[in-house]
Amino acid sequence: MVRFPDAPVFAGFNRPMRFEGDLYDVEVVQGEVPRQLDGTFYRVQLDPQYPAKAGDDMPFNWDGMVTSFRFEDGHVDFRSRYVRTPRFVAERAARRALFGSYRNPFTDDPSVAGMVRGLANTNVYFHGGRLLAAKEDSPPIELDPETLDTIGPFDWGGALTSVTATAHPKVDPVTGELVFFGYAATGEATPDVAYYEADATGKVVHEAWFQVPYPAMIHDFAVSEHFVVFPIIPLVMDLDRLRAGGAAFAWDPEREIYLGVLPRKGGGDEVVWHRASNRFASHIMNAFDDGRHVHVDTPVGRTSAFPFFPDLSGKPFDPLATSAYLSRWTVDTEGAPGIGERRLLEAPGEFPRMDDRFATRPYRFGAMALTDVPGDSRFGPPTGAYRIVAAVDPESGRVDAYSPGPRSTPQEPCFVPRAPDAPEGDGYLLVVVGRLDEVRSDLVVLDARDVAAGPLATVALPFRLRYGLHGNWVDRAVLDGRSRSGAAPGTGGGGR
Ligand code: V55
Ligand code: FE
């Protein structure tokens, strides 16, 4: 028998859905879906199959459900499927949770000791002809791009020597290479990191190992033309705490942050650590370099954005203190050690994305979910929740914003170019929007060049989607194998 605890995390709009389905030709209730959109938008959402074995459950510990929106000739077909991770399959057979707390193997049922704990719940990306659903504690799971059926764990033909692989790999759009890494690479709370590059076909061509100043969550990283940058932010991981059944990560407000910088395809002994005082960052919008200075653009906040990880100082969680502002970190690889920081935007937000055809290079277009645009009278007072979608220019600080309404929740925007050779930022933003009062979700299509004008089309699902993390667009030509990427000549496509 399944019964979820009577807790806010499982109530109302957040009630587990656990439903897989197909909806052909979803109703378009407003506007017209641009016919140029020819391909599939994949994303992943969090949906627990069973109530957790441990009482202290949290969203990052829920099963990954991949959704696809297939665009063709102004029509959109929807599909959703759970990723059949080894963990999902074992729990389904047992008809109950066998795995315990988030990232804590010491809380598991003895019957699953040693099993891969991955949930494939953080990102879904396409590279080398494969669709991969990923979580940073395990190897990705390959899916059939058409049916979303699970093919199985993917380890780059045995080349993945780390027990983990990031959910935020980057594609170099010029070479088509996938740049990725695993942290806690030899087990939870270990200081080991493995860095890899795979060529456009998915063959691993580079591997380097190094150790971090202290074990921490390395949720995302930065890749430029000539450098790779690993941010060490003090969401610390500790083996003793894990053994005692405690939280996998805790926020340490005392600890400094580090950026580990090494040349692309450099060896583990080439990492140089740059330090700055305590602050929080999670996702990277983009990075670029001039051969000497590396610039990393990321929303920076004063403290951890995650209420479910304890603060080592004992301070209670303060949602207003978490506001993050897109900022530029600069490291001079030939000068003095240290990290320069400059704020790029005055509007707080997260889920930074870009036009992936310009990833790793200088760029002028980003997209984000915002909690506020100070001074914009169209939006009411901030609530701390994401309620605004925006296209932004990291150079000028220009914000082109649209709010789907105070009772609507936009998820991460995904950019799609209007055509393979369209100028940077000329295209569409695809955004899943939750309608809290209608208990339903829409997929909204915005003009990336005029976001404030509101949706070009609203694709209305007659049911709600779950809280989702990340996703990517894949052009039809790439899915059909006619092109390595539909994004631009010579690009890898698929993005992070
Ligand atoms: C995040 C999400 C995760 C995770 C670690 O920042 C970090 C997001 C959905 O799982 O395991
Ligand atoms: Fe993420």
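Refer to the preceding data block for the structure.
What counts, and where the lines are drawn
- Residues numbered from 1 in each chain as written.
- Chains lettered and ligands numbered in written order.
- Predicted model: local features only at pLDDT ≥ 70, side-chain atom pairs only at ≥ 80, totals over all residues.
- Heavy atoms only, no water.
- Donors = N, O, S within 2.8 Å, 3.2 Å for Na, K, Ca; no water.
- Tetrahedral: all angles 85-135°; square planar, octahedral: opposite > 155°, others 65-115°.
- Helix = DSSP H or I, 4+ residues; strand = E, 2+ residues; numbered from the N terminus.
- Pairing = 2+ DSSP bridges.
- Axes fitted to C-alpha atoms, helices over the stretch in contact; angles between N-to-C directions.
- Core = buried A, V, L, I, M, F, W, Y, C linked by side-chain atoms within 4.5 Å.
- Buried < 20%, exposed > 50% of the residue type's maximum accessible area, 1.4 Å probe, protein only.
- Contact = heavy atoms within 4.5 Å.
- Near = heavy atom within 4 Å.
- Polar contact = N/O pair within 3.5 Å; in protein donor to acceptor, adjacent residues only side chain to side chain.
- Areas by Shrake-Rupley, 256 points an atom, 1.4 Å probe, with all protein chains shown as cover.
- Nonpolar A, V, L, I, M, F, W, Y, C, P; charged D, E, K, R; others polar.
- Phe/Tyr/Trp six-rings, centres within 6.5 Å; stacked < 30°, edge-to-face > 60°.
- Lys NZ or Arg CZ within 6 Å of the ring centre and 35° of its normal.

A. Expanded view of the coordination of the iron ion (ligand 2). Those donors, His 168 (NE2), His 219 (NE2), His 283 (NE2) and His 470 (NE2), are the protein atoms that reach the iron ion (ligand 2), and they lie 2.0 to 2.1 Å from it. If you look at the iron ion (ligand 2), its four donor atoms make angles of 93 to 166° with each other, and the shape they trace is irregular. Read in sequence order, the donor residues for the iron ion (ligand 2) give the motif H-x50-H-x63-H-x186-H. Taken together, the residues His 283 in the loop between strand S20 (280-281) and strand S21 (286-289) and His 470 in strand S33 (residues 468-475) connect sequence positions 187 residues apart.

B. Structural view of the sheet that holds strand S3 (residues 39-46). Taken together, five strands build an open sheet; the order of strands is S1-S5-S4-S3-S33 and the sheet is antiparallel. Taken across any chain shown, the strands that pair with only one partner, and hence form the sheet edges, are strand S1 (21-23) and S33. In this sheet, neighbouring strand axes are inclined to one another by 15° on average, regardless of whether the strands run parallel or antiparallel. Bridge count for S3 against S33 is six bridges, and the pairing is antiparallel. Considered in S33, the bridge of Gln 45 is made with Gly 468.

C. Quick look at the sheet that holds strand S9 (residues 150-153). A sheet is described by the order of its strands in space; here four strands give the open sequence S6-S7-S8-S9, paired in antiparallel fashion. With partners counted over all chains shown, the strands left at the sheet margins are strand S6 (123-127) and S9, one partner each. In this sheet, adjacent strand axes meet at a mean angle of 30° when their direction is disregarded. Pairing analysis gives five bridges linking S6 to strand S7 (residues 130-134), with the strands arranged antiparallel. Bridged to Val 124 within S7 is Ala 133.

D. Focus on the nonpolar core. Residues Phe 230, Phe 249, Phe 309 and Trp 329 are the most contacted members of the largest nonpolar core, which totals 53 residues. Setting aside anything within four residues of it in sequence, one finds Phe 249 in contact with Tyr 102, Arg 103, Tyr 183, Ala 216, Met 217, Leu 235, Val 236, Met 237, Arg 241, Phe 309 and Pro 310.

E. Examining the site of ligand 1 more closely. Close contacts around ligand 1 come from Leu 46, Phe 60, Tyr 102, Asn 121, Thr 122, Lys 135, Glu 136, Met 217, His 219 and Phe 306, and that covers them all. In the environment of ligand 1, an oxygen atom lies 3.3 Å from a nitrogen or oxygen atom belonging to the side chain of Thr 122. Lys 135 is positioned such that a nitrogen or oxygen atom in its side chain is 2.7 Å from an oxygen atom of ligand 1. If ligand 1 stood free it would expose 310 Å²; the protein chains cover 99% of that surface. Of the residues contributing to the shell around ligand 1, the split by class is five nonpolar, three polar and two charged.

F. Geometry of the packing of aromatic side chains. Using the criterion set out here, one finds 33 aromatic pairs in the structure. Pairing Phe 60 with Phe 306 gives two aromatic rings, centres 5.4 Å apart and planes at 75°, and the pair type is edge-to-face. Taken together, the residues Phe 60 in the loop between S3 and strand S4 (64-72) and Phe 306 in the loop between strand S22 (293-301) and strand S23 (324-332) connect sequence positions 246 residues apart. Looking at Phe 60, the relative accessible area reads 16%, which means it is buried. Plain terms: the ring middles of Tyr 214 and Tyr 258 are 6.1 Å apart, the flat faces sit at 70° to each other, and that makes the pair edge-to-face. Taken together, the residues Tyr 214 in the loop between strand S13 (204-211) and strand S14 (222-223) and Tyr 258 in strand S18 (residues 257-263) connect sequence positions 44 residues apart. No difference in accessibility class separates Tyr 214 from Tyr 258, as the two residues are buried. Of note, Arg 18 hangs over the ring of Tyr 50, and the distance from its end group to the ring centre comes to 5.8 Å. A cation over an aromatic ring shows up here: Arg 255 above the ring of Tyr 214, its NZ or CZ 4.3 Å from the ring centre.

G. Geometry of the pairing of strand S12 (residues 192-198). With seven of seven residues buried, S12 lies mostly within the body of the structure. Side chains of S12 alternate between two faces, with Asp 192, Ala 194, Tyr 196 and Ala 198 and Val 193, Tyr 195 and Glu 197 buried alike. Note that strand S11 (residues 178-183) and S12 share six bridges and pair antiparallel. What sits directly across from Leu 178, in S12, is Ala 198. Looking at chain direction, S12 and S13 are connected through seven bridges and run antiparallel. Opposite Ala 198, over in S13, you have Val 204 as the bridge partner. Hairpin remark: S12 followed by S13, antiparallel, with five residues in the connecting loop; positive phi at Gly 202, about 95°.

None of this, on its own, says anything about what the molecule does.
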